[in-house]
Amino acid sequence: MADFMTSTHRAKWIFSPQDLKEKYKEANKRAKQTLEKYGVTRMEVDANGSFSNIEAQNDAKEDIVPTEKHSRPKPLKPEEEQLLKAFYEFKIQDVCDAFKFPRKIQATALIYFKRFYLQWSVMEHHPKNIMLTCIYAACKSEENHVSAEELGKGIEQDHQMILNNEMLVLQSLEFDLIVYTPYRALEGFVSDIEELIYANAKVEQQELLKRVHEHAKLEVDKTMRTEAPLLFPPGQLALAALRRPLGEAPELIEFERYLRGVLSKQKPSHALSEIIARLNSIDMLINKLETPTSKDVKHIDRKLKSCLDPSSHEKSRKRKHRSKGTSTEMHVV
């Protein structure tokens, strides 16, 4: 059986908060430099995974690249990128719910999506497209066979785009497709508690434990949309999710007492205070979690489209100019 302690997930994909900040900053800086150089950030991707900046191929087409500096599209700020990614992470859960995919697929797709945007800026690859390819890749890695055609048709998107981005996504993930999600660890902790209380458990307590488990799964759902899966191992994410509902059901078991028992079995063991501090950090991330609406990201998405496709920026500018002219004429009349 695969073991998290010896996995690439633990060795390569758990970071410090500063590491994440630097990676996001670097991707954003690179996209800005590309925008300055070519007037566009979109990457052209072949089905074999090779890619290049589209204007590097077409830099002779001067009519595509705005010549006046003031007419160039404005790059996204790092915080705008984060908000847009948060919007599409929520969409990943929406799509997976619509297809009734297991939680493991949803969580795997979210982790793929997060890892992808450690390597890239949203200004280089639109998250709407990458989101769908991450879901498709998660289905394949979890052996839940859904074709790209079926996935695309279900949400009225071109399935070819899903396939075109597949190799790019796999390369960006460095082909590390086995991920560890908190749901399995949560199952283990709940089974452990069940055994501890089994001897004296009443029917009411058994039902209460089931409700605690369901509540904890909802907490994990929220956790998966934060940066926590890139910062903490899945076992700690599961404990943080379990702590909240157990705190509301003290008649089952006192959480810190249970945690001491868990830590005493681990080698090397961790200090209780250290784990509590980590669980508190996870809670803080959940408390800060935003669920942006389409309205919240409308302006950002408009900026993104003009970075990816400068012709849309020019057309929009001309439409505004015509609109102003029409408005003036109407006012004169």
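Per-chain numbering applies: the sequence of each chain, read as written, is numbered from 1 onward. Whole-chain, interface and lining totals are the exception, using all residues; otherwise, since this is a predicted model, local features are given only for residues with pLDDT of at least 70 and side-chain atom pairs are given and counted only at 80 or more. Calculation of side-chain values draws on the structure's entire complement of heavy atoms; hydrogens and water are dropped beforehand.

1. A closer look at the overall build of the chain
Numbering of helices and strands starts at the N terminus; helices are DSSP runs of H or I of at least 4 residues and strands are runs of E of at least 2. The helix and strand tally for the chain stands at 16 helices and 2 strands. Sorting the 333 residues of the chain into buried and exposed places 48% on the buried side. It only takes one pair of heavy atoms within 4.5 Å for two residues to be counted as in contact. When contacts within the chain are restricted to residue pairs at least 6 apart in sequence, those whose partners lie at least 24 apart make up 79%. Only the protein chains shown count as cover for residues, with accessible areas throughout obtained via the Shrake-Rupley method and a probe of 1.4 Å. A total accessible area of about 18100 Å² is found for the chain, and carbon and sulfur atoms account for 51% of it. Only protein chains enter the calculation, and the probe is 1.4 Å; a residue is then buried if its accessible area is under 20% of its type maximum, exposed if over 50%, and partly exposed in between.

2. Some points on the confidence of the model for the chain
pLDDT expresses, on a scale from 0 to 100, how confident the predictor is about each individual residue. Averaged over every residue, the pLDDT of the chain is 85; the share at 70 or more is 82%. Predicted confidence is poor over residues 56–67, with pLDDT under 50, and the contacts of this stretch with residues over four places away or in other chains come to 16 contacts.

3. Some details on the nonpolar core
One broad rule of soluble globular proteins: the nonpolar side chains tend to lie buried together. In plain words, nonpolar cores are sets of buried Ala, Val, Leu, Ile, Met, Phe, Trp, Tyr and Cys residues tied together by side-chain atoms within 4.5 Å. I135 and L242 are the most contacted members of the largest nonpolar core, which totals 87 residues. Top contributing element to this core by residue count: helix α5 (residues 103–119), with 10 residues. Among all residues touching I135, those that are not within four sequence positions of it are I92, V95, C96, F101, A109 and L151.

4. Considerations on the side chain of K114
For K114, the location among the structural elements is in helix α5. Reaching out from K114, the side chain makes a polar contact with the backbone oxygen of M224 at a distance of 3.2 Å. Nitrogen and oxygen atoms within 3.5 Å of one another constitute a polar contact, given that in protein one can donate a hydrogen and the other can accept it, and given that sequence-neighbouring residues count only through two side-chain atoms. Within the structure, the side chain of K114 is placed 2.6 Å from the backbone oxygen of T226, a separation counted as a polar contact. When neighbours within four sequence positions are excluded, K114 is seen to be in contact with E89, M224, R225, T226, E227, P229 and L230.

5. Some details on helix α6 (residues 127–141)
Take the number of residues in a helix, subtract one, and multiply by 1.5 Å to get its expected span. A rise of 1.5 Å per residue sets the reference length of α6, with its 15 residues, at 21 Å; its end C-alpha atoms lie 20 Å apart and thus fit the reference within 8%. By the criterion of burial, α6 is predominantly enclosed, with 11 of the 15 residues buried. Listing the buried residues of α6 in full gives P127, I130, M131, L132, T133, C134, I135, Y136, A137, A138 and C139. On the buried face of α6, the contacting elements are α4 (78–98), α5, α7 (148–154), α8 (159–164), α9 (166–172) and α15 (294–308). Phi turns positive, to about 55 degrees, at E143, one or two residues after α6.

6. A short note on the packing of helix α10 (residues 182–198) against helix α11 (residues 203–223)
Two measures define how a pair of helices packs: the angle their axes make with one another and the distance between the axes. Running from N to C, α10 and α11 cross one another at 160 degrees; their axes reach a closest spacing of 11 Å. One element, α10, and the other, α11, form an angle in the roughly antiparallel class. Note on packing geometry: the crossing formed by α10 with α11 is right-handed. In this structure, α10 contributes P182, Y183, L186, E187, V190, I193, E194 and I197 to the contact, and α11 contributes L209, H213, A216, K217, V220 and D221. Any residue outside Ala, Val, Leu, Ile, Met, Phe, Trp, Tyr, Cys, Pro, Asp, Glu, Lys and Arg is labelled polar, Gly included; the first ten of those are nonpolar and the last four are charged. Across the contact of α10 with α11, the residue classes tally to 9 nonpolar, 1 polar and 4 charged. Fitting a line to C-alpha atoms yields each axis, with helices limited to the stretch in contact; the angle taken between N-to-C directions then spans 0 to 180 degrees. Throughout this description, any angle smaller than 35 degrees is read as roughly parallel, any larger than 145 degrees as roughly antiparallel, any in the 65 to 115 degree range as roughly perpendicular, and the remainder as oblique. Note on convention: near helix rotated counterclockwise from far helix by under a right angle means a left-handed crossing. Clockwise means right-handed.

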